[in-house]
Each structure stands twice: as structure tokens, then as C-alpha cells.
Amino acid sequence: MPMRAIWTGSIAFGLVNVPVKAYGATEDHDIDLHQVHDKDGGRIRYERRCEVCGKKIAYKDLDKAYEDGERTIVLTDEDMDALPAEKSREIEVVQFVPADQVDPLMLEKSYYLQADSKSPKAYELLRRTLENTEKLAVVRFALRQKTRLGILRVRSKVMVLQAVMWADELRDAEQVAPEKSPRISEQELKMSAALVDQYSTDFTPEEFQDDYQLQLQALIEAKIEQGEELDTEATFGSEERGSDSGEVIDLMEALKRSIEGRKSKAGSKAARSKEPPAKKAPAKKSAAKKTAAARKPAKKKAAAKEASPSPHKKKASGSGKKSA
């Protein structure tokens, strides 16, 4: 599906104006499920009903409202559209900051920004400036009836606008911090760092997959084939039980076992990679002989097919082609 622009405006970079279009940079890959009645499979739908008159209300007849405890203040679409920030079609650059100063916890939805001009020189100038200075541009913008804080950064040859949460939207981490920190020995820290070193590599997100969605797809396909007779244990295997006995494992022993287990895995992987591929050559010859042998009967059967149009020989010819 081609991407569609969800917002059109411009970046205000000092007195420089950069016309842009915004596109959603991410998409949800989850399988869509809906609710049904467990007795008859009927679709469950939610209706917008008024608590006063009991009538079903169309979406176009809905307004927003705020309750202060004593009264309800209704805000119409005209009221909301009158807000000055909502009318703004500008991404205002307010600061340039080092990338490590933006807490990843604050980052939200991302948008690709495309140059929306026949002369994209201003866009390219800002993109290269961000790239060369290795800075992030802190911006303010309005989108979908919200004033937002954001950052501009570069991905490949495109600028990315990423929404950022306001400071007062982040909860204080101290509320869930332990009252008293347990004592950690130097040896424990050393072994933990050694384990981290064994797991350290470059981040390659392509190597990871959404196991839940893959299993859900497999479940749906198995359900289509087997219906209510589906045996989930046969489909997914028996569940592996972890150590849920509540037994307290010695931390040093757990670290030691983890390091040894990681080393053995790495050793076996290295051994497999060093195995000489010389034994594979005969297998190819053998496969070639089998293929040649399979092709010869196919030719005979093809000749038989030309000699006689009987249904029996047609079937034999088809199986000969399949074996080839």
C-alpha cells in the first residue's frame, strides 16, 4: 500500500521556511481480531447511545465535553477549531540539542517528512545541517487537536519528526524505586559484566520476530483445517515448565552457569562454522544422478502419451513430470 500524507505544513527554521508532508513512519503488524458471542459466534458491536434519550447517536452528532464535578461544559467542533494552536500548520524549530539529552522514555509516534516543494533546497539544507552537526532539532507543532513537542532527526536521506511527551507527563521513577538497595559485591559485578560482554553485539532488529503474532497465525490456520477438533498441544508442543518452585538460586552460581552456558553455545557454533564442506560434493553428484534418472522415465512416458491418448497413460505422464 502506498503511503498517504496525514499532515501538510512547513518547518520554520529561523527565517527559512521548509514546506513538508508528514507520513506515518511505522505500522502495526498485529492480526486484527474482533469480539463474538461465545454461544453462537455473533459479532459484538458497540453502539453510541445517549443516557438521556436512549437513542443511538451518529458520529456526526457527537460533541466533546468537560465535567468539573458540578456541571458539564460542552465543546463543539467550532469551539475546538477556534483554538489558535489548532490552526497552526507550522513545525517551529526552537532548539538544537545533543541526541543523548533526549530521554528515550519521552519518545512517541514517528513521522517521515517529505519535501513538499518543486525546489527542495531548503529541506536538503536542514537535513544536512542536522546530519553534519549530529544534533536534534527540538520543535513545537500541532497535530490532531493537540499541541505537541517533538524532535527532528535524520534517517537515511529523510528527516523524521518524532513526537515527544511533555515533561509533566512522565511519572517520577522514585515512586517505584526500592527503599533500600541490596549490597552487590565486586565479584558479582565483575561476573555480570563478563556475561554482558558475551551477549554484546551490534543491534540487528531484522533478526527478531514477533513470536506471538506468528503463533497466532499458526493457530488460525490450524483452526481452519481442524475446526473444533484442534489439538493445541500437537500444534505447539507441550508447555515447558520453568522453575516455579520458589527455590532461591544463589546469584553467583546463576551467573557462573550463565557464562559457561554461553561459552558452550559459542563454541559449538564456531565448531559448526569450521567444518570443511568437502563432504557436500558427493551429495551433489548423487543428487544429479537421481535427477537424471528421474528425467529418463519422464521422457519415455511423454513418448507413451503421444502414442496413446488413454486416460491411464495420461495420468502416468503427469506423475512422470512431477517426479522430474
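Predicted model, so just to flag it, every value in this text is computed and none were measured.

Asker: What should I look at first to understand unusual backbone geometry in this one?
Answerer: The general pattern is negative phi for most residues beyond glycine and trans for most peptide bonds. At Glu134, a residue that is not glycine, the phi angle is positive and equals roughly 55 degrees. Tracing the backbone through its elements, the reader meets Glu134 in the loop between helix 3 (121-133) and strand 7 (135-142). According to the relative accessible area criterion, Glu134 is exposed, its value standing at 66%.

Asker: I would appreciate a short explanation of the side chain of Arg148 in the present structure.
Answerer: Mapping Arg148 onto the fold places it in strand 8 (residues 147-155). Despite its burial, Arg148 remains without a salt bridge, the nearest opposite charge being carried by Glu108 at 4.8 Å. Those residues within four positions of Arg148 in sequence are excluded, and the remaining contacts are Val139, Arg140, Phe141, Leu143 and Trp166.

Asker: Looking at this model, I keep getting lost on the packing of aromatic side chains. Mind explaining?
Answerer: Each aromatic ring pair is characterised by the separation of its centres together with the angle its planes make. The full count for this structure, using the stated rule, is two aromatic pairs. Ring centres of Phe13 and Phe96 lie 5.8 Å apart, and the angle between their planes is 70 degrees; on these two criteria the pair is classed as edge-to-face. Of this pair, Phe13 sits in strand 1 (residues 7-13) while Phe96 is found in strand 5 (residues 90-98), placing the two residues 83 residues apart along the sequence.

Asker: For this particular structure, what's the right way to read the pairing of strand 4 (residues 72-75)?
Answerer: The two faces of a sheet get side chains in turn, since along a regular strand they alternate between them. Strand direction decides the pairing type here: strand 3 (residues 64-67) and strand 4, joined by four bridges, are antiparallel. Within the sheet, the bridge partner assigned to Glu67 lies in strand 4 and is Thr72.

Asker: Would you mind going over a negative patch on the surface with me for this structure?
Answerer: Together, Asp63, Asp77, Glu78, Asp79 and Asp81 make up a region of like negative charge exposed at the surface. Here Asp63 is to be found in the loop between strand 2 (16-24) and strand 3.

Asker: Just to check I follow, could you spell out the environment of Asp61 for this structure?
Answerer: Relative to the helices and strands, Asp61 resides in the loop between strand 2 and strand 3. Expressed as a C-alpha distance, the spacing of Asp61 and Thr76, which sit 15 residues apart in the sequence, is 9.9 Å. Looking at Asp61, its side chain comes within polar contact range of the side chain of Lys60, at 3.4 Å.

Asker: Teacher, can you tell me more about the pattern of salt bridges here?
Answerer: A side chain with one charge can pair with a side chain of the opposite charge if their charged atoms come near. In the structure shown here, the tally under the stated rule is nine salt bridges. Asp61 is paired through a salt bridge with Lys60; the nearest N and O atoms lie 3.4 Å apart. For Arg140, the salt bridge goes to Glu92, with nearest N and O atoms at 3.5 Å. Separated by 48 residues along the polypeptide, Arg140 in strand 7 and Glu92 in strand 5 bring together distant segments of the chain. Arg140 gets classed as partly exposed once you look at its relative accessible area, which sits at 39%. What you see here is one network of salt bridges that share partners, running through Glu124, Arg127, Arg128 and Glu131.

Asker: Mind showing me how you'd approach the nonpolar core here?
Answerer: Side chains of nonpolar character tend, in soluble globular proteins, to be buried together. If you look at the biggest cluster of nonpolar residues, it comprises 20 residues, and the most contacted ones within it are Ile11, Val20, Ile91, Leu113, Val139, Leu152 and Leu161. If you list the elements that add at least two residues to this core, you get strand 1, strand 2, strand 5, strand 6 (107-115), helix 3, strand 7 and strand 9 (158-164). Setting aside anything within four residues of it in sequence, one finds Leu113 in contact with Ile11, Val20, Lys21, Ala22, Ile91, Tyr123, Leu152, Val158, Met159 and Leu161. If you look at the next biggest cluster of nonpolar residues, it comprises eight residues, including Val97, Val102, Met106 and Val138.

Asker: What's the story with a nonpolar patch on the surface in this structure? I'm lost.
Answerer: On the surface, Tyr66, Ile73 and Leu75 cluster together into a nonpolar patch covering about 270 Å² of accessible area. Relative to the elements of secondary structure, Ile73 occurs in strand 4.

Asker: Would you mind going over helix 5 (residues 211-226) with me for this structure?
Answerer: Taking 1.5 Å per residue, 16 residues should reach 22 Å; helix 5 reaches 22 Å between its end C-alpha atoms and fits that length. Buried within helix 5 we find Gln213, Leu216 and Ala222. Contacts made by the buried residues of helix 5 are with helix 6 (232-236). Gly227 occupies a position one or two residues after helix 5 and carries a positive phi of about 65 degrees.

Procedures and definitions
- Residues numbered from 1 in each chain as written.
- Predicted model: local features only at pLDDT ≥ 70, side-chain atom pairs only at ≥ 80, totals over all residues.
- Heavy atoms only, no water.
- Helix = DSSP H or I, 4+ residues; strand = E, 2+ residues; numbered from the N terminus.
- Buried < 20%, exposed > 50% of the residue type's maximum accessible area, 1.4 Å probe, protein only.
- Lys, Arg positive; Asp, Glu negative; His and termini not counted.
- Salt bridge = Lys/Arg side-chain N within 4 Å of Asp/Glu carboxyl O.
- Contact = heavy atoms within 4.5 Å.
- Phe/Tyr/Trp six-rings, centres within 6.5 Å; stacked < 30°, edge-to-face > 60°.
- Pairing = 2+ DSSP bridges.
- Patch = residues over 30% accessible without salt bridge, like charges linked within 9 Å, V, L, I, M, F, W, Y side chains within 5 Å.
- Areas by Shrake-Rupley, 256 points an atom, 1.4 Å probe, with all protein chains shown as cover.
- Charge placed at Lys NZ, Arg CZ, Asp CG, Glu CD.
- Polar contact = N/O pair within 3.5 Å; in protein donor to acceptor, adjacent residues only side chain to side chain.
- Core = buried A, V, L, I, M, F, W, Y, C linked by side-chain atoms within 4.5 Å.
- Expected span 1.5 Å × (residues − 1).

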